[in-house]
Amino acid sequence: MRVLVTGGAGYIGSVVTEKLIAEGHEAIVYDNLAKGHRQAVARAAQFIQGDIRDYDVLRAVLVEQEIEAVIHLAADSLVGESVTEPAKY
């Protein structure tokens, strides 16, 4: 199955991506690298740098990559920031 993992360069997303690949799935990581790290992405995964808020780019990726499933893990996730900027969260 071709699975898009949004936030796949983050801690949880990178582990989920590795598990998908180990189970025989094709994982495509979609991340803007605002909180994630490129080096966290499994070598066997395709990486696309993009932001989930960019509708046109995200839609094109879903269509062009023939995505069959999405695991959505992209998020702002900094505790300190969530306290100082609660409206963002």
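Here's a quick rundown of the structure. (Residues numbered from 1 in each chain as written. Predicted model: local features only at pLDDT ≥ 70, side-chain atom pairs only at ≥ 80, totals over all residues. Heavy atoms only, no water.)

This brings us to a nonpolar patch on the surface. A contiguous nonpolar surface patch, about 420 Å² in accessible area, is contributed by Tyr11, Ile12, Val15 and Leu73. By the element assignment, Ile12 lies in helix 1 (residues 11-22). Look at Ile12 and you get exposed, because its relative accessible area is 55%. (Patch = residues over 30% accessible without salt bridge, like charges linked within 9 Å, V, L, I, M, F, W, Y side chains within 5 Å. Areas by Shrake-Rupley, 256 points an atom, 1.4 Å probe, with all protein chains shown as cover. Salt bridge = Lys/Arg side-chain N within 4 Å of Asp/Glu carboxyl O. Helix = DSSP H or I, 4+ residues; strand = E, 2+ residues; numbered from the N terminus. Buried < 20%, exposed > 50% of the residue type's maximum accessible area, 1.4 Å probe, protein only.)

Most of strand 2 (residues 26-31) sits inside the fold, with five of its six residues counted as buried. Chirality of the crossover, the property in question, places the unit of strand 1 (residues 2-6), helix 1 and strand 2 among those that are right-handed. The pairing of strand 2 with strand 3 (residues 46-49) spans four bridges and is parallel. Across the sheet, Val29 pairs through a bridge with Phe47, a residue of strand 3. (Right-handed = clockwise from strand over helix to strand, strands pointing away. Pairing = 2+ DSSP bridges.)

The subject of this paragraph is helix 1. Over its twelve residues, helix 1 runs 17 Å from end to end, which matches the ideal 16 Å to within 8%, given 1.5 Å per residue. If you check which residues of helix 1 are buried, you get Gly13, Ser14, Thr17 and Leu20. One face of helix 1 carries all of its buried residues, which in axial projection span an arc of 120°. Turned more than 90 degrees away from the buried face of helix 1 sit Tyr11, Ile12, Lys19 and Ala22, all of them exposed. Elements that come into contact with the buried residues of helix 1 comprise strand 1, strand 2 and strand 4 (69-72). Just past helix 1, the residue Gly24 takes up positive phi, approximately 95°. (Expected span 1.5 Å × (residues − 1). Arc of directions from axis to C-beta. Contact = heavy atoms within 4.5 Å.)

Position of Asp54 relative to the elements: it lies in the loop between strand 3 and helix 2 (55-64). Put simply, Asp54 and Ile21 are 33 residues apart on the chain and 26 Å apart in space, counted from C-alpha to C-alpha.

Honestly, that's just the spatial picture; any functional story needs more than this.
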